[in-house]
Amino acid sequence: MEGVQHSESRKNMNDVDKTKGTDGAAYTETRYGQEKDPQDIGDLHRQLKARHIAMISLGGVIGTGLFLGTATALRNGGPLGLWLGYSLMGTIVFAVMQCLGEMIAHLPVSGGHITLARRFVGNEMAFAVGWLYWYNWTIVLPAELSAAAVLVNYWNDTINNAAWITIFLAVVIGINLGGARVYGEAEFWFALLKIITIIGLIIMGIIITSGGGPGPSIGFRYWREPGAFQQFHDIPGPLGRFLGFWSVLIQAAFSYIGTEITAIAAGEAKNPKRNLPRAIKKVYFRIIVFYILGTFVIGLIASPDDPALNLSASTAAKSPWVTAVVSAGIDVLPSIINAAFLCSAWSAASSDLYTSSRALYGLALSGSAPKIFIKTSSWGLPYYAVLVGCLFALLSYMSTGSSTAGEVFGWFANMTSVAGLVTWQAIFFIYFRFYKGVKVQGLDRKADFPYRAPLQPYLSIYGFIFTWLILITNGFSVFLAGSWDTATFVTSYLPIVLFFVLLVGHKVFIRDKWITYEDMDFWTGSRVGIEEYEAPPKNFAEKMWRAIM
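Residues numbered from 1 in each chain as written. Predicted model: local features only at pLDDT ≥ 70, side-chain atom pairs only at ≥ 80, totals over all residues. Heavy atoms only, no water.

**Points about the overall build of the chain**
Counting secondary structure elements, the chain contains 19 helices and three strands. In the chain, which comprises 549 residues, the proportion classed as buried is 61%. Sequence separation of at least 24 residues holds for 80% of the intrachain contacts in the chain that already meet a minimum separation of 6. Summed over all atoms, the accessible surface of the chain reaches about 20,400 Å², with 65% contributed by carbon and sulfur. (Helix = DSSP H or I, 4+ residues; strand = E, 2+ residues; numbered from the N terminus. Buried < 20%, exposed > 50% of the residue type's maximum accessible area, 1.4 Å probe, protein only. Contact = heavy atoms within 4.5 Å. Areas by Shrake-Rupley, 256 points an atom, 1.4 Å probe, with all protein chains shown as cover.)

**Considering the environment of F94**
Following the sequence through the fold, F94 ends up in helix α2 (residues 64-106). Expressed as a C-alpha distance, the spacing of F94 and G463, which sit 369 residues apart in the sequence, is 8.8 Å. F94 has contacts with V283, Y284, I287 and L459, leaving out every residue within four places of it along the chain.

**Quick notes on the side chain of S492**
Relative to the elements of secondary structure, S492 occurs in helix α18 (residues 486-510). Each residue touching S492, except ones within four places of it in the same chain, is listed here: N414, V418, N474 and G475.

**Re unusual backbone geometry**
With omega at 15°, the peptide bond leading from E225 into P226 counts as cis. Despite not being glycine, H233 shows a phi value in the positive range, around 55°. For H233, the location among the structural elements is in the loop between α7 (221-227) and α8 (237-256). Taking the relative accessible area as the measure of exposure, H233 reaches 44% and is therefore partly exposed. Look at R511: it is not a glycine, yet its phi comes out positive at around 60°. A residue is classified by how much of its surface remains accessible, and R511, at 67% relative accessible area, is exposed.

**Side note on the pattern of salt bridges**
A side chain with one charge may pair with a side chain of the opposite charge, provided their charged atoms come close. The full count for this structure, using the stated rule, is two salt bridges. With a closest N to O distance of 2.8 Å, R445 and E102 form a salt bridge. Taken as a pair, R445 in helix α16 (residues 445-448) and E102 in helix α2 lie far apart in primary sequence, 343 residues in all. The class for E102 is buried, based on a relative accessible area of 0%. Of the charged contacts in the structure, one is a salt bridge between E124 and K507, with a shortest N-O distance of 3.3 Å. Remark: K507 occurs in helix α18 and E124 occurs in helix α4 (residues 123-152); sequence separation between them is 383 residues. Judged by its relative accessible area of 36%, K507 is partly exposed. (Salt bridge = Lys/Arg side-chain N within 4 Å of Asp/Glu carboxyl O.)

**Points about the packing of helix α6 (residues 179-209) against helix α11 (residues 283-301)**
Remark: α6 packs on α11, axes separated minimally by 9 Å, with the N-to-C direction vectors making an angle of 35°. Considering how the two elements wind past one another, α6 and α11 form a crossing that is left-handed. Two secondary-structure elements touch here, α6 through I195, I198, I199, I202, G205, I206, I208 and T209 and α11 through V289, F290, L293, G294, V297, L300 and I301. Broken down by class, the residue content of the contact of α6 with α11 amounts to twelve nonpolar, three polar and no charged. (Axes fitted to C-alpha atoms, helices over the stretch in contact; angles between N-to-C directions. Left-handed = near helix turned anticlockwise from the far one by under 90°. Nonpolar A, V, L, I, M, F, W, Y, C, P; charged D, E, K, R; others polar.)

**Comments concerning the confidence of the model for the chain**
Taken residue by residue, the chain gives an average pLDDT of 77. The fraction at 70 or more is 77%. Averaged pLDDT values over the elements of the chain bottom out at 34 in strand β3 (residues 34-35) and peak at 93 in helix α17 (residues 458-473). Within the model, the stretch residues 1-41 combines pLDDT values under 50 with 107 contacts to residues more than four positions away or in other chains. (pLDDT = per-residue confidence, 0-100.)

**Comments concerning the nonpolar core**
Residues M89, W321, W424 and F522 are the most contacted members of the largest nonpolar core, which totals 148 residues. The dominant element in this core, judged by the number of residues it contributes, is α2, at 20 residues. (Core = buried A, V, L, I, M, F, W, Y, C linked by side-chain atoms within 4.5 Å.)

**Overview of a nonpolar patch on the surface**
Residues I372, Y383, Y384, L387, L391, F392, L394, L395 and M398 make up a contiguous nonpolar surface patch of about 750 Å² in total accessible area. Within the fold, Y383 resides in helix α14 (residues 383-392). (Patch = residues over 30% accessible without salt bridge, like charges linked within 9 Å, V, L, I, M, F, W, Y side chains within 5 Å.)

**Some words on the packing of aromatic side chains**
The final tally for this structure, using the stated rule, is 31 aromatic pairs. Centroid distance Y383 to Y384: 4.8 Å. Interplanar angle 45°. Geometry classified as tilted. Using a relative accessible area of 33% as the deciding quantity, one classes Y383 as partly exposed. Take Y384: its relative accessible area is 30%, and that puts it in the partly exposed class. Aromatic pair F434 and F449: ring centres 5.6 Å apart, planes at 35°, arrangement tilted. Note that F434 is positioned in helix α15 (residues 405-440) and F449 in the loop between α16 and α17, a separation of 15 residues in sequence. (Phe/Tyr/Trp six-rings, centres within 6.5 Å; stacked < 30°, edge-to-face > 60°.)

**Observations regarding α17**
The end-to-end C-alpha distance of α17 is 23 Å, a good match for the 22 Å that 16 residues give at a rise of 1.5 Å each. Restricting attention to buried positions, one finds in α17 the residues L459, S460, G463, T467, I470 and L471. Angularly, the buried residues of α17 cover 100° about the axis, an arc narrow enough to put them on a single face. Residues of α17 that are exposed and point more than 90 degrees away from the buried face comprise Y458 and I465. (Expected span 1.5 Å × (residues − 1). Arc of directions from axis to C-beta.)

**What to know about the packing of helix α5 (residues 161-177) against helix α13 (residues 333-365)**
Between two packed helices, the angle of one axis relative to the other and the distance separating the axes together describe the packing. One way to put it is that α5 packs onto α13 with a least axis distance of 9 Å and a crossing angle of 50°. Here α5 lies oblique to α13, going by the angle between them. The interaxial crossing formed by α5 with α13 has right-handed handedness. Contacts between α5 and α13 pair I167, F168, V171, V172, I173, I175 and N176 from the former with L342, W346, A349, S350, L353 and Y354 from the latter. The residue makeup of the contact of α5 with α13, split by class, is eleven nonpolar, two polar and no charged. (Parallel < 35°, antiparallel > 145°, perpendicular 65-115°, else oblique.)

**Quick notes on helix α12 (residues 320-327)**
With six of eight residues buried, α12 is to be regarded as a mostly interior element. For α12, the set of buried residues is P320, W321, V322, T323, A324 and V325. With its phi angle positive at about 80°, G329 sits one or two positions after the end of α12.

**Regarding the environment of S483**
Position of S483 among the secondary structure elements: in the loop between α17 and α18. Residue S483 is classed as buried on the basis of its relative accessible area, which comes to 19%. Separated by 250 residues in sequence, S483 and H233 place their C-alpha atoms 8.8 Å apart.

Following this line, the structure appears as structure tokens:
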């Protein structure tokens, strides 16, 4: 049983002792005379400001999945299949963020959903979720570095990719060694560049399809020929078109994975009670503008039959945005766009290393990893956890061998997509337990918590069912006649097997019991009673910024 007497009346909920300010490195909070659980905070410093949190939440939504990974999705699903796949996955992401947002806004603890799993389910769930999440972000880092190599190959494919990967990795490590403040500042500017890029690309796409460029008007040309849907693996009829659309979902998942980074950053966020709900509430806007609108425009300006979209055919593969600009006959702009994409890959890789290190730190706090990973520097950097992530980043050098960088990117993307979906499944399950515990203990989600997610518990049920359906069917292509591929099969189902091995293994050997609904701790680390002051906007520009972000 964790920490506190949960049967205390609500009149005692504001009985809080604060020994440091809300922006302090590590405040001590007591409730009912008991000190905050050290597993929930550790020595991380709250250095991420409101603008950092806002841009980190944006940065988790925009990355190489949208800029580069949509090439495969367009080839498999066609323009309408691409748009429908990303739209459906967007609804699942919205469900994930609403579930996670309600919990983490109330409990902005280190380790994010890993700590929440321990608190509302049990140690075995925290163990399985934590290690799988660490695996997810440890593997996606070399995926992003490989993607960066693909982008550089657009200009020069004669220099070995090892040179480019070394340069990118050095920058990523440098950013992360500066701690949360340096990472937050770098991510702020990287994410701002991403936003400008994607908005510019959408406007450019509308101009191209309307005939405002050097070439003629495109309109819905590619929806008519080769067609709105592609015939997956040349399977005729409606079945082939449906399978093409369904294959888009796993690629869309890779594009969306990372939206939940906001939860991992909660332990280092200033004024989390105010800033986290603000970031979470606007996630629907980002999904609609950047992904649903973005993929719609891609389907208008890029042909799914363009051979340049085949990432496994050549290391000089291009983004669908770039191929569209080249086809439109616009000079110079393709290189500018590719450079912006390269910065996006840099940003994503930096976020990957940050998240994997904080996941390992959260595991160590909960006793599921060696305590050495708890050690932090004077500026709050878990340096041993960062070092481990750097070592696994060396996997990106696989793209310098016989396999192309595009192939390696595809392998890693598939593994991280599946691992991310399993993590989302776990978040839905954790929320089920959280929601039931709130009812059992007689709490009021509207009165007691800073943010109450809408449409619950139906939204979480919807997300749980569809995510599980996508998981069990994500590798369907290998079961088609003559299509068996061992690498695809392993990357499609290994993370699922790994999760259950971790979960069952911990249950068998450790024999921990699940937390009962009556014993769930809803208050330790909640910051209830801590008044958080926000200075009024200094000018009109800052007022508009706060309204948008």
